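# Chain and residue survey
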Amino acid sequence: MNRQLDARVLVLPGAVLLVAYLTVVPLGMLVYGSFRSGAVGEPGATYTLANYARAYLDPALYRLFLNSIVYAAGTCLVSFLIGAYLAWVTERTNTPLRGLITVVALVPFIIPGILNTISWLFLLSPRIGLINLLVRDTLGLTAGPFNVYTLGGMIWVEATHLYPLVFLLMAAAFRSMDMSLEEASIIAGSRTFTTLRRVTLPLMRPAMMSTMLIMFVRAIESFEVPALIGIPAGMPVFTSKIFLAIHQFPSDFGLAGSYAITLLLLSTTGVLIYRRITRHGERFATITGKGYRPRVIDLGRWRYLACGGAMLIFVVTVALPVFVLLWVSVTPYYGVPSRELLQRATLEAYRYVLNYPMALQAFTNSFYLAAGSATAVMLLTSVVAWITVKSKIPGRALLDNLAFIPIAFPGIVLGVSLIWVTLALMPVIYGTFWLLLIAYITRFMPYGIRTASASMIQINDELEEAALACGSSWRQAFQRIILPLLMPGFVAGWIYVSIVSLRELSSSILLYSPQSIVLSILAFDMWEGGQYNYVAALGAMMVLLLVLMAAVARRLGAKVGLVQ
């Protein structure tokens, strides 16, 4: 009994305190810092509302707010149309090559956002974009027809990066929908359009609205596109304004904090609406034990057109960006693809990156951060999931909500708050690997808690009770019974967190130092320095590394029962 108490006394309060520290302290410090006249910890700083006055009385605020909303809403709409179409084709129709479409639709998820953005700059920049150069030379125009440095260009680039998430969410919703309801409507005399309006869309409404809200939140917190396209184009949004406030000299932490609070409120509103919509999702459940039949729609000869539409999407959003990265990485200078340039192909850019000391440092840091943050997140959230699902400890629902709070933290907002936390409480870790690790654990903890909680619910209490009855301590039961049974969900969460950690940029950009540089930061710096060939080579190597990680993870996942 004493051993049981000792383990619980140490582990459970420790997990609660750690979650509270990772969520409450950065949030409190962000609010506190936004009301200070100087940086947190700066001697002589006083409380003031001047930061909010400068932010909210600025005539440019209206344009900033409008840009952010239009950018997020446009991205949400475009990514939803693409992702929902691909999900409908694969789940509800008899379109050929559905298996291939399912796999290729997830490829953009592997490509880091910064590389996707750089690829589209290589394609659609009015000055150097390959598509513009090709069209201009072919048609004899004075300028290319496309310009990625617009709000529409920003929306398109971000949407091509986010649509795989829409595909995953909408595919699950389509897969869960029972067609017998639509058939009953048609048998009752309703026309197809009436059935679509009164049966299909109402049933899909929670999934559609929750998916679009997630996309809105993801878009409004994105950093890569606003930084690489929005700043040069003069199209500021909240994330790019926060970045510029920190990176000017001297840094304006107060203004960054007031913008960060506004951005946090916008994303939090989206998350709260999402949770409210999905709270009563059981009202729209259509899978029961009474004759549920997943069927597909026979499109007839139109199925080939549907397949062609999916392939066209992949050519534009997957093949072109990957091709341009590879092309630029092997050419001695930037230019339109031609036989002459192909004959001069070289691997010099790859040799440069491999021999560049900073690149080796970035690869090492990124690998350890991806593995370390994924392992820490899943171990911590497994204990938290046990508390919230299996225990009767008072306040466990609050703990679950605490662990979910960082989902509303845009990466750059988390970066601002962690700067103040470290300056005030732990200055010794400022600019180190450990600060990035704390940022990643905090940022990705919500994904771990959802995965671990879903798996924990499936474990019957009798197994743990039997182990305790046989004399095992709580630690032994958790280690030998709970964790092995959690392993499929643990591995799935580990795979996801490690991949998104390897791509992370928005919080790292404010917290790194030359000793803790990561791959995404190195790619950002190379692009800013005009090293196009080198950044393309680095990007190709990053994509290869992520593909290898996904393949190894898939193999490991298969051994513990993961199908996908």
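As the structure is a prediction and not an experimental result, all values here were calculated from the model. (Residues numbered from 1 in each chain as written. Predicted model: local features only at pLDDT ≥ 70, side-chain atom pairs only at ≥ 80, totals over all residues. Heavy atoms only, no water.)

As for its placement among the helices and strands, I128 is situated in the loop between α6 (113-124) and α7 (130-139). Each C-alpha atom, one on I128 and one on G489, is 45 Å from the other, the two residues being 361 residues apart in sequence. If near-sequence neighbours (up to four positions away) are discounted, I128 is found in contact with L121, F122, L133, Y334 and Y532. (Helix = DSSP H or I, 4+ residues; strand = E, 2+ residues; numbered from the N terminus. Contact = heavy atoms within 4.5 Å.)

So, about unusual backbone geometry. Located in the positive-phi region is L97, a residue other than glycine, with phi close to 65°. Assignment of secondary structure puts L97 in the loop between α3 (61-92) and α4 (98-104). By relative accessible area, which is 48% here, L97 ends up partly exposed. (Buried < 20%, exposed > 50% of the residue type's maximum accessible area, 1.4 Å probe, protein only.)

Here we come to the environment of V11. Its place among the elements puts V11 in helix α1 (residues 2-34). The partly exposed category is assigned to V11, whose relative accessible area is 32%. In this structure, the C-alpha to C-alpha distance between V11 and L380, residues 369 residues apart in sequence, is 9.8 Å. When residues no more than four places from it in sequence are discounted, the contact partners of V11 are V383 and W474.

We now examine the nonpolar core. Grouped together as the largest cluster of nonpolar side chains are 157 residues, with contacts concentrated most on L30, L86, F122, I242, F314 and F524. Non-local contacts of L30, meaning those with residues more than four positions away in its chain, are made with A260, I261, L264, F409, V413, V416, S417 and W420. In terms of nonpolar packing, the next biggest core, distinct from the first, is built from nine residues, V491, I495, I499 and L502 among them. (Core = buried A, V, L, I, M, F, W, Y, C linked by side-chain atoms within 4.5 Å.)

The subject of this paragraph is the pattern of salt bridges. By the definition in use, this model includes six salt bridges. Put simply, R443 and E504 hold a salt bridge, and the shortest N to O gap is 2.9 Å. Residue R443 is found in helix α20 (residues 433-457), and its partner E504 is found in the loop between α22 (474-503) and α23 (508-511); the two are separated by 61 residues along the sequence. The residues R443 and E504 share a single accessibility class, namely buried. Residues joined by salt bridges that share partners form a network here, namely R218, E221, R443 and E504. (Salt bridge = Lys/Arg side-chain N within 4 Å of Asp/Glu carboxyl O.)

Let us look at the packing of aromatic side chains. Per the stated rule, a full pass over the model turns up 21 aromatic pairs. Residues F444 and Y447 carry aromatic rings whose centres are separated by 6.2 Å and whose planes lie at 35° to one another, so their mutual orientation is tilted. One end of the pair is F444 and the other is Y447, both in helix α20 and three residues apart, which spans about a single turn. Accessibility expressed as a relative area gives 5% for F444, which makes it buried. A relative accessible area of 25% means that Y447 is categorised as partly exposed. An aromatic cluster is present here, built from Y440, F444, Y447 and Y496 joined pairwise through their rings. (Phe/Tyr/Trp six-rings, centres within 6.5 Å; stacked < 30°, edge-to-face > 60°.)

A contiguous nonpolar patch, built from Y62, L66 and V70 and spanning about 310 Å² of accessible area, is present on the exposed surface. Its location among the elements puts Y62 in helix α3. In this structure Y62 comes out as exposed when scored by relative accessible area, which is 63%. (Patch = residues over 30% accessible without salt bridge, like charges linked within 9 Å, V, L, I, M, F, W, Y side chains within 5 Å. Areas by Shrake-Rupley, 256 points an atom, 1.4 Å probe, with all protein chains shown as cover.)

Bringing the side chain of N67 into the picture now. Checked against the element boundaries, N67 lands in helix α3. Classification of N67 by relative accessible area gives buried; the value is 7%.

Glancing now at α6. Taking 1.5 Å per residue, twelve residues should reach 16 Å; α6 reaches 16 Å between its end C-alpha atoms and fits that length. Among the twelve residues that make up α6, twelve are buried, leaving the element largely enclosed by the rest of the structure. Of all the positions in α6, only G113, I114, L115, N116, T117, I118, S119, W120, L121, F122, L123 and L124 are classed as buried. (Expected span 1.5 Å × (residues − 1).)

What follows is about the confidence of the model for the chain. For the chain, mean pLDDT is 83; residues scoring 70 or higher make up 92% of the total. The least confident element of the chain, judged by mean pLDDT, is helix α9 (residues 180-187) at 73; the most confident is helix α11 (residues 224-233) at 93. (pLDDT = per-residue confidence, 0-100.)

Attention now moves to the side chain of T317. For T317, the location among the structural elements is in helix α14 (residues 302-330). A polar contact is formed between the side chain of T317 and the side chain of Y163, at a distance of 2.9 Å. In this structure T317 touches W120, W156, T160 and Y163, once residues within four positions along its chain are discounted. (Polar contact = N/O pair within 3.5 Å; in protein donor to acceptor, adjacent residues only side chain to side chain.)

Turning our eyes to something else, we now look at the packing of α3 against helix α8 (residues 151-175). As a packed pair, α3 and α8 sit with axes 5 Å apart at the nearest point and diverge in direction by 40°. Judged by the inter-axis angle, α3 sits oblique to α8. The element α3 and its partner α8 pack so that their crossing is right-handed. In the contact of α3 with α8, the residues fall into 21 nonpolar, six polar and four charged. (Axes fitted to C-alpha atoms, helices over the stretch in contact; angles between N-to-C directions. Parallel < 35°, antiparallel > 145°, perpendicular 65-115°, else oblique. Left-handed = near helix turned anticlockwise from the far one by under 90°. Nonpolar A, V, L, I, M, F, W, Y, C, P; charged D, E, K, R; others polar.)

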